[in-house]
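Listed below are the residues making up each chain.
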Amino acid sequence: MTGSPDERPSSLVGQERLAGHGASADLIEQPGWRRLLAAARRSLERTGGQLDATVTLAAPTDDERLVIIGITGTHRSATAARLSVRLTEVDEHLRAAHGVGLADVLTVTAPLRNRPADLKREAVARDAVLALANDGRHAGTAWHAEWLDGLRRDGTLTRIVRTGLPFQDVIRVLDALPAADEPMPVFADRVLDDTKALTEGPLRGLVLRAVAAWQQTALPVDGEQERTLWESVGLVPDDLASQVLVLNMPATGGLLGRWLTEAAQAGVPMRVTLHQLRLAPLTMTGDEVHLCENPAVLRAATAALGAQAPPLICTEGVPSVAVHTLLRAAPGAVIRWRNDFDWTGVRLTAAALQRYPNAVPWRMTAADYLPAAGTGTALIGTPTRTPWDESLGESMRRAGRAVMEERLLDQLLADLRAAGAR
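Residues numbered from 1 in each chain as written. Predicted model: local features only at pLDDT ≥ 70, side-chain atom pairs only at ≥ 80, totals over all residues. Heavy atoms only, no water.

An unreviewed UniProt entry lists the chain under the name TIGR02679 family protein, from Micromonospora sicca.

In terms of helices and strands, the chain carries 20 helices and 14 strands. Counting only C-alpha atoms and orienting by the principal axes, one finds that the chain spans roughly 105 × 50 × 35 Å. Residues counted as buried form 46% of the 422 residues belonging to the chain. Here the analysis covers contacts within the chain between residues at least 6 apart in sequence; of these, 67% occur between residues at least 24 apart. Summed over all atoms, the accessible surface of the chain reaches about 20500 Å², with 53% contributed by carbon and sulfur. (Helix = DSSP H or I, 4+ residues; strand = E, 2+ residues; numbered from the N terminus. Buried < 20%, exposed > 50% of the residue type's maximum accessible area, 1.4 Å probe, protein only. Contact = heavy atoms within 4.5 Å. Areas by Shrake-Rupley, 256 points an atom, 1.4 Å probe, with all protein chains shown as cover.)

Bringing the nonpolar core into the picture now. Core analysis: the biggest nonpolar cluster contains 37 residues, and Trp-147, Phe-167, Val-170, Leu-177, Leu-198 and Val-207 have the highest contact counts within it. Of all the secondary structure elements, the ones that give two or more residues to this core are α6 (115-133), α7 (142-153), α8 (156-163), α9 (167-175), α10 (184-192), α11 (202-214) and α12 (223-231). Examining the composition of this core, we find that nine residues originate from one element, α11, more than from any other. Here Leu-198 is in contact with Val-173, Met-184, Phe-187, Ala-188, Leu-203, Arg-204, Val-207, Trp-230 and Leu-235, once residues within four sequence places are set aside. (Core = buried A, V, L, I, M, F, W, Y, C linked by side-chain atoms within 4.5 Å.)

Within the UniProt annotation, "domain: Conserved hypothetical protein CHP02679 N terminus" (unreviewed entry) is assigned to residues 53-251. Between the C-alpha atoms that bound residues 53-251 the distance is 82 Å, and the span itself is 54% helix and 10% strand. (UniProt positions renumbered as here; feature names shortened; annotations may be inferred.)

This part takes up a negative patch on the surface. The grouping of Asp-189, Asp-193, Asp-194 and Glu-200 at the surface amounts to a negative patch. Mapped onto the secondary structure, Asp-193 falls in the loop between α10 and α11. Residue classification places Asp-193 among the exposed residues on the basis of a relative accessible area of 64%. (Patch = residues over 30% accessible without salt bridge, like charges linked within 9 Å, V, L, I, M, F, W, Y side chains within 5 Å. Salt bridge = Lys/Arg side-chain N within 4 Å of Asp/Glu carboxyl O. Lys, Arg positive; Asp, Glu negative; His and termini not counted. Charge placed at Lys NZ, Arg CZ, Asp CG, Glu CD.)

The next thing to look at is the packing of helix α3 (residues 62-72) against helix α4 (residues 87-98). Close contact between α3 and α4 brings their axes to 9 Å; oriented N to C, the two are set at 80 degrees. Comparing their axes, α4 and α3 come out roughly perpendicular. Judged by residue contacts, Gly-70, Ile-71 and Thr-72 of α3 engage Glu-89, Val-90 and His-93 from α4. Here the residues of the contact of α3 with α4 sort into two nonpolar, three polar and one charged. (Axes fitted to C-alpha atoms, helices over the stretch in contact; angles between N-to-C directions. Parallel < 35°, antiparallel > 145°, perpendicular 65-115°, else oblique. Nonpolar A, V, L, I, M, F, W, Y, C, P; charged D, E, K, R; others polar.)

Attention now goes to α10. Among the residues making up α10, those that are buried are Met-184, Phe-187, Ala-188, Val-191 and Leu-192. End-on, the buried residues of α10 take up no more than an arc of 95 degrees, which puts them together on one face. Looking at the buried residues of α10, the elements they touch are α9, β3 (182-183), α11, α12 and β4 (235-236). Just past α10, the residue Asp-193 takes up positive phi, approximately 60 degrees. (Arc of directions from axis to C-beta.)

With that settled, the discussion passes to the sheet that holds strand β9 (residues 288-292). Strands sit in the order β7-β5-β10-β9-β11-β12 across an open sheet of six strands; the sheet is mixed. Every interior strand has two partners, whereas the edge strands, β7 (270-273) and β12 (359-361), have only one. Ignoring which end each strand starts from, the neighbouring axes of this sheet average 30 degrees apart. Where β9 lies against strand β11 (residues 334-337), four bridges are found, and the strand directions are parallel. What sits directly across from Val-289, in β11, is Ile-335. The sheet strands contacting helix α16 (residues 321-328) are β5 (243-247), β7, β9, β10 (312-314) and β11, and the helix crosses β5 at an angle near 50 degrees. (Pairing = 2+ DSSP bridges.)

Attention shifts here to the environment of Val-129. You can see Val-129 is positioned in helix α6. On the basis of relative accessibility, which here comes to 12%, the residue Val-129 falls in the buried class. Sequence-distant contacts of Val-129, defined by excluding residues within four places in its chain, comprise Leu-157, Val-161 and Phe-167.

The next thing to look at is the UniProt feature "domain: DUF2399" (unreviewed entry) in the chain. Taken from the UniProt record, the annotation "domain: DUF2399" (unreviewed entry) applies to residues 272-416. Between the C-alpha atoms that bound residues 272-416 there is a distance of 22 Å. The span itself is 43% helix and 16% strand.

What follows concerns the pairing of strand β1 (residues 54-58). The side-chain alternation of β1 yields one buried face, formed by Val-55 and Leu-57, and one unburied face, formed by Thr-54, Thr-56 and Ala-58. Judged from the five bridges that link them, β1 and strand β2 (residues 82-86) form a sheet pairing that is antiparallel. When the sheet's bridge partners are listed, Val-55 is paired in β2 with Val-85.

Here it is in structure tokens:
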């Protein structure tokens, strides 16, 4: 290998210098030197190569004591619990004994890091990442600030810098969200020129973490929760997995319209996929739709009312893209919307009322909540406003109890019975 020492790896240069001066290249593995040189490496890397420091060995062995005596020329007791030596002395000893300095010996096995310089470069790179994030379209929102703060606090931001992950791709994805119920591969190809960019790799995890902060929910722990989270921002990972549970929703349009009508005539619930909803244009024939969160409500309505129940949709939690697609097939219908009385539930209701001008709350007032609040479960999560009834949010904060839909089942069935009789 040719070239000046400055053009070659420092570990190779150090090894050649040791060999050239007759020193043993395995000095760093000798029992008396091993811990001393490891401590010297830590000190030099921490200080950026400064030799004006002292290293200390706790509970030194006889081999280590003899090495330090040889370096310092000073007797050290065999009973000493700790022995210290200045790095300048170690460097001078190595130069006198082997013709090479301390740094040359250490770089035989690996280059010396300059940690202060590394930290400075990382700080500059982190600032660049934050500046990129703060230029995004969601900058200034509470969830965006919370997401970035979390990346800083748990070291993710530093790992992004060290691994060179293209953080600009994360911002490009977030800037393009929410999407318009778009298949995920199509969205990923349009935004990142890679159909699989959001289904594998570190980019997926970072974007999911941001979306979870956006939707004020926990990170998904299984595939179903992940699908729901993606759909909450208009991305469809799988149009067969995106479903909606319905009862008595007569419709016109294609095969699905006929199925829905026949099922309504028989009072039989149906589970409809997004794939089916996209087969042909669909139009709901009713002028009113009730919507609940929990399947127990729809099951009870089926048992009690059968074909006499009014059109009823069950979201089974966060509304899927299939739910929203079905609701678009009933543009003129009044949507009577309700969720559980917990912070997630009222947040979902608020989002629905904002999204659908023809949506109205269904038994989502303080007057509905308070009678059942005494025996509800503990209310957890981040409080939120209830703009359709401000007293509801205040009552929930004061009571500190969550009330699930099943607690109101008698009232809900009475409403459905009355609506079906109209």
